[in-house]
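# Chains, contacts and geometry: an overview
Each chain, letter by letter, is given below.
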Amino acid sequence: MHKFATSNSNQPPRRAVVLAAGRGKRLIPHTNNRPKPLLKLRGRPILSYVLEALSAAGVRKVCLVVGYLGQQIEAFVDGGRRWDLQTTLRWQREPVGTAHALRLASDFITAPTFVLAADYALPRSYLQALKRAYSRSGMPLAVSLKSLPAEALAESSSVLFSDDGKIRRIIEKPQPDTAPSGIAASLIYIVPPQIRDYLQNLSRSPRGEYELVAVINRMLADGYEICGLQQPPPPEWRLPVDS
């Protein structure tokens, strides 16, 4: 078993990498002139929910990986002061996957770090709950889990559990009727700085992308353990769009 498999430094995560570079192709035409993280939900840009939840969880430094229309995100965040955050940016010039995006921010991951998508409308306390579970577990990794109907798993993921309930593997976008469970992993993690080693040699998935799930699975195969916390599925942007 890997020497980091059952313990961490017990440091609460005070850093976060927010993945905000996606094109949002499924949301065209709404994303023709506005990046997906700035689409509004209940009158607010969805990215504001993420930043508010990070601040409430004690995060103070955030690295946003941006790409498509990233200048709009940069202007909206404006250094992060309104959320009591310090923000920096990395640019993903080609949208080739979440692991590639995280690799661009690997120098930022010097301590336990939240990694999450920019398009969840997170309740303010959502990340606090994951942080508490992570701290109690003594494990170096944590992931937010959600229960999904069978028809939704193929567009998300499915978690393979061992007989003793530990997470063995996360299956990204499983083929219909092949999902090992009805539990999916949200793109909301806490990762240790050792993940940087795993970001150096990436392989494309069958979908042609460098996927973060593949990196997490390699860490699990090497003996790292991951704490999973089942939470209500975080709301995502859906039609109709706010003006």
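As a reminder, the structure under discussion sits directly above these lines.
Residues numbered from 1 in each chain as written. Predicted model: local features only at pLDDT ≥ 70, side-chain atom pairs only at ≥ 80, totals over all residues. Heavy atoms only, no water.

### Looking at the overall build of the protein
For the protein, the helix and strand inventory stands at 7 helices and 11 strands. Dimensions of the protein, computed from C-alpha atoms along their principal axes, come out at roughly 50 × 40 × 35 Å. The burial tally for the protein puts 51% of its 243 residues in the buried class. Of all intrachain contacts in the protein linking residues separated by at least 6 positions in sequence, the fraction that spans at least 24 positions is 75%. When the accessible area of the protein is evaluated, it comes to approximately 11,400 Å², of which 48% is carbon and sulfur surface. A gap of 6 Å separates the mean positions of the 32 positive and 20 negative side-chain charges of the protein. (Helix = DSSP H or I, 4+ residues; strand = E, 2+ residues; numbered from the N terminus. Buried < 20%, exposed > 50% of the residue type's maximum accessible area, 1.4 Å probe, protein only. Contact = heavy atoms within 4.5 Å. Areas by Shrake-Rupley, 256 points an atom, 1.4 Å probe, with all protein chains shown as cover. Lys, Arg positive; Asp, Glu negative; His and termini not counted. Charge placed at Lys NZ, Arg CZ, Asp CG, Glu CD.)

### Details of unusual backbone geometry
Despite not being glycine, Asp78 shows a phi value in the positive range, around 50°. Along the polypeptide, Asp78 turns up in the loop between α2 (70-77) and β5 (86-91). With a relative accessible area of 44%, Asp78 lands in the partly exposed category. One non-glycine residue, Lys173, lies in the positive phi region at around 45°. Structurally, Lys173 can be placed in the loop between β9 (167-172) and β10 (183-191). On the accessibility criterion, Lys173 (31% relative accessible area) is partly exposed.

### With respect to the sheet that holds β5
One open sheet accounts for 7 strands, arranged β5-β4-β1-β6-β10-β7-β11; its pairing is mixed. Each having just a single partner strand, β5 and β11 (226-230) make up the two edges of the open sheet. Going from strand to strand, the sheet's axes swing by 25° on average, the running direction of each strand aside. Relative to strand β4 (residues 61-66), strand β1 (residues 15-20) is paired through 6 bridges, and the arrangement is parallel. Across the sheet, the residue bridging to Ala20 is Val66, located in β4. Across the face of the sheet, α2 comes into contact with β1, β4 and β5 while running at roughly 175° to β5. (Pairing = 2+ DSSP bridges. Axes fitted to C-alpha atoms, helices over the stretch in contact; angles between N-to-C directions.)

### What to know about helix α7 (residues 212-221)
Among the 10 residues of α7, 7 are classified as buried, and the element is accordingly described as predominantly covered. For α7, every residue scored as buried is listed here: Leu212, Val213, Val215, Ile216, Asn217, Met219 and Leu220. After α7 finishes, the residue Gly223 shows a positive phi value of roughly 105°.

### Re the pattern of salt bridges
All told, the structure shown has 8 salt bridges when counted by the stated rule. Taking the shortest distance from any N to any O, the salt bridge between Arg81 and Asp78 comes out at 3.4 Å. Judged by relative accessible area, Arg81 falls into the exposed class, the value being 60%. (Salt bridge = Lys/Arg side-chain N within 4 Å of Asp/Glu carboxyl O.)

### Comments concerning the packing of aromatic side chains
The description of two aromatic rings rests on the distance between their centres and on the angle between their planes. In the structure shown here, the tally under the stated rule is 2 aromatic pairs. Arranged with centres 5.6 Å apart and planes meeting at 55°, the rings of Phe76 and Trp83 form a pair that is tilted. Ring centres of Tyr198 and Tyr224 lie 6.0 Å apart, and the angle between their planes is 85°; this geometry places the pair in the edge-to-face category. Residue Tyr198 is located in helix α6 (residues 195-198), and its partner Tyr224 is located in the loop between α7 and β11; the two are separated by 26 residues in the primary sequence. (Phe/Tyr/Trp six-rings, centres within 6.5 Å; stacked < 30°, edge-to-face > 60°.)

### Concerning the packing of helix α1 (residues 46-56) against α2
Two elements in contact, α1 and α2, have axes separated by 12 Å at closest approach and are oriented at 50°. In terms of orientation, α1 and α2 fall into the oblique class. Handedness of the crossing formed by α1 with α2: right-handed. Residues Leu47, Ser48 and Leu51 of α1 lie in contact with α2, whose contacting residues are Ile73, Phe76 and Val77. Of the residues contributing to the contact of α1 with α2, the split by class is 5 nonpolar, 1 polar and no charged. (Parallel < 35°, antiparallel > 145°, perpendicular 65-115°, else oblique. Left-handed = near helix turned anticlockwise from the far one by under 90°. Nonpolar A, V, L, I, M, F, W, Y, C, P; charged D, E, K, R; others polar.)

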